[in-house]
Amino acid sequence: MVPKLARRLGTADAVVVGLSAMIGAGVFAAFAPAASAAGRWLPAALALAAVVAFCNATSSARLAALYPDSGGTYVYGRRRLGPFWGYLAGWGFVVGKTASCAAMALTFGAYVAPDLARPLAVGAVVALTVLNLFGVQRSALAARLIVALVLAVLAAVVAAGLLGGPALSAPSAPLLAQAVTSWDVLQGAGLLFFAFAGYARIATLGEEVRDPRRTIPLAILLALGVTFVVYVLVALATLRVLGPARLGLSQAPLVDTVTWAGAAWLAPVVKAGAAVAALGALLALILGVSRTTFAMARERDLPSLLDAVHPVRQVPHRAELAVGVAVVALVLVADLRGAIGFSSFGVLVYYAVANACAFTLTSQEGAPPKAVPVVGLLLCAVLAFTLPMESVVAGVAVFALGAGVWALRRRRRGSPAA
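Think of each chain on its own: its residues are numbered from 1, step by step along the sequence as written. Side-chain atom pairs in this predicted model are given and counted only at pLDDT of 80 or more, local residue features only at pLDDT of at least 70, and totals for whole chains, interfaces and linings cover all residues. Here the side-chain values reflect all heavy atoms present in the structure, with hydrogen atoms and water set aside.

J.: What is the right way to read the overall build of the protein chain from this model?
T.: If you tally the helices and strands in the protein chain, you get 15 helices and 0 strands. Here's how the labels work: a residue is buried when its accessible area is under 20% of the maximum for its type, exposed when over 50%, partly exposed in between, all with a 1.4 Å probe on protein chains only. Classification of the 418 residues of the protein chain by burial places 60% in the buried group. Here, two residues are considered to be in contact whenever any of their heavy atoms come within 4.5 Å of each other. Sequence-distant contacts in the protein chain: of pairs separated by 6 or more residues, those separated by 24 or more amount to 83%. Using a 1.4 Å probe, accessible areas were evaluated by the Shrake-Rupley method; residue-level cover was limited to the displayed protein chains. For the protein chain, the exposed area adds up to about 15,700 Å²; of that, 70% sits on carbon and sulfur atoms. Helical segments are the DSSP runs of H or I of at least four residues, strand segments are the runs of E of at least two, and each set is numbered from the N terminus.

As structure tokens, then:
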């Protein structure tokens, strides 16, 4: 008998899980490198990233309603395109989002105590893995508290940036070395896409939400809409105070924003909010990656040892432990900004597969307008290959490795790699 997870989460819980993943990652990690690439065209890059996210969210919502199982696009790819494409999506998600977990853990450590960033990051991963082991309801409750606190901090930053001191009150920063091109805007959008990818956590909880056909599409679109509004307000505030050049160079852009807007007393509050946001993102990321790992183990695309549900708490405890160990290992060697680009590449490939799956849906299955998956697929491919070169090279190498592992496993089973 195939082990099943308990359906305990409602719409509000699912929305909060998505918000905690998106807002924690986006505001405190992705804006500075995106501004470095896109310059004063940061709002255009943000809008483009939002278009891609909307297409991906729409495709994912329709697919998640049809296939309400743990695993997200890994499941959809297997059902609609064949085992290999599902495996490739799952591989990209697990590898890319494990890197995201490491990035969020390091962000937490850097804001709390830069000199102890790695030990603190390891401690955060261990603590949140244990929390997830005690059940998804406790994780959702923690995410709800974290989101409320972070939104309050961001509201204070936006108020200080838009209503505070004079625009561009920060000291002058060096101008960007080159004029911004369309390629730079695309690269900025690709980096900002990292900030929107949290709605995938909702789809991966397909077996744990009540009434998934209604809950999942609604929760995905609500979480995406709230996040986009928050990002627009924060972008306007930071650009008004810092300008694109200084924003691109900043190591802590929201702290710099309140400082140079004349509200330096808010800086410790913002630092605390950043640390809490990183914890919220890490909590939701571990939750999502462990569910995809569990789903892949169920299909024997990962070791079958990970295909287990705790008899009392009804969580995939072995998959959660394995993800926790992998993230701790990455934390010890990870580079924060490099992890963002690498994660974006993996997740863009993941959503390219999701859009291809959505394209095959019929009207009876709840297909979106065909333009949605077509635009989503094309933009995912474009943004993936306009990311920084080191991220593209690393991403291609990791996917090649994954394809090699797939071929080797299929050969050992004596079945075609279809």
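J.: How should the pattern of salt bridges be read in this particular structure?
T.: Side-chain pairing between opposite charges can occur once the charged atoms of the two side chains come close. Salt bridges, as used here, are contacts in which a Lys or Arg side-chain nitrogen is within 4 Å of a carboxyl oxygen on Asp or Glu. Within the structure shown, the criterion is met by 1 salt bridge. A salt bridge links Arg80 to Glu365; its shortest N-O distance comes to 3.0 Å. Remark: Glu365 occurs in the loop between α13 (336-359) and α14 (371-384) and Arg80 occurs in helix α3 (residues 73-80); sequence separation between them is 285 residues.

J.: Explain the side chain of Thr293 to me, please; I cannot follow it from the model alone.
T.: Assignment of secondary structure puts Thr293 in helix α11 (residues 267-298). Here Thr293 falls in the buried class, since its relative accessible area comes to 4%. Here Val289 takes part through its backbone oxygen, which lies 2.9 Å from a polar atom of the side chain of Thr293. Beyond its immediate chain neighbours, meaning those up to four positions away, Thr293 contacts Val94, Leu302, Leu306, Ala319 and Val323. In the analysis that follows, any N or O atom pair within 3.5 Å is treated as a polar contact, provided that within protein one partner can donate a hydrogen and the other can accept it, and provided that, for residues neighboring in sequence, both atoms belong to side chains.

J.: Hey, could you run me through the side chain of Thr98 in this one?
T.: With respect to the helices and strands, Thr98 occurs in helix α4 (residues 83-112). Judged by its relative accessible area of 9%, Thr98 is buried. When neighbours within four sequence positions are excluded, Thr98 is seen to be in contact with Phe93, Val289, Ala326, Val327 and Leu330.

J.: Help me out: how do you make sense of the packing of helix α2 (residues 42-66) against α14 in this one?
T.: For helices, the fitted line uses only the C-alpha atoms of the stretch in contact; every axis is such a line through C-alpha atoms, and the angle between N-to-C directions lies from 0 to 180 degrees. Put simply, α2 and α14 touch, their axes get as near as 9 Å, and they point 130 degrees apart. Taken together, the axes of α2 and α14 are oblique relative to one another. Every pair of crossing elements has a handedness; the one defined by α2 and α14 is left-handed. Residues Leu48, Val51, Val52, Cys55, Asn56, Thr58 and Ser59 of α2 form the contact with α14, whose own contacting residues are Val372, Pro373, Val375, Gly376, Leu379, Cys380 and Leu383. The residue classification treats Ala, Val, Leu, Ile, Met, Phe, Trp, Tyr, Cys and Pro as nonpolar and Asp, Glu, Lys and Arg as charged. All others, Gly included, are polar. A breakdown of the residues in the contact of α2 with α14 according to their chemical character gives 10 nonpolar, 4 polar and no charged. Here roughly perpendicular refers to angles of 65 to 115 degrees, roughly parallel to angles under 35, roughly antiparallel to angles over 145, and oblique to all remaining angles. Crossings are sorted by hand: turned counterclockwise from the far helix by less than a right angle, the near helix makes the crossing left-handed, and turned clockwise it makes it right-handed.

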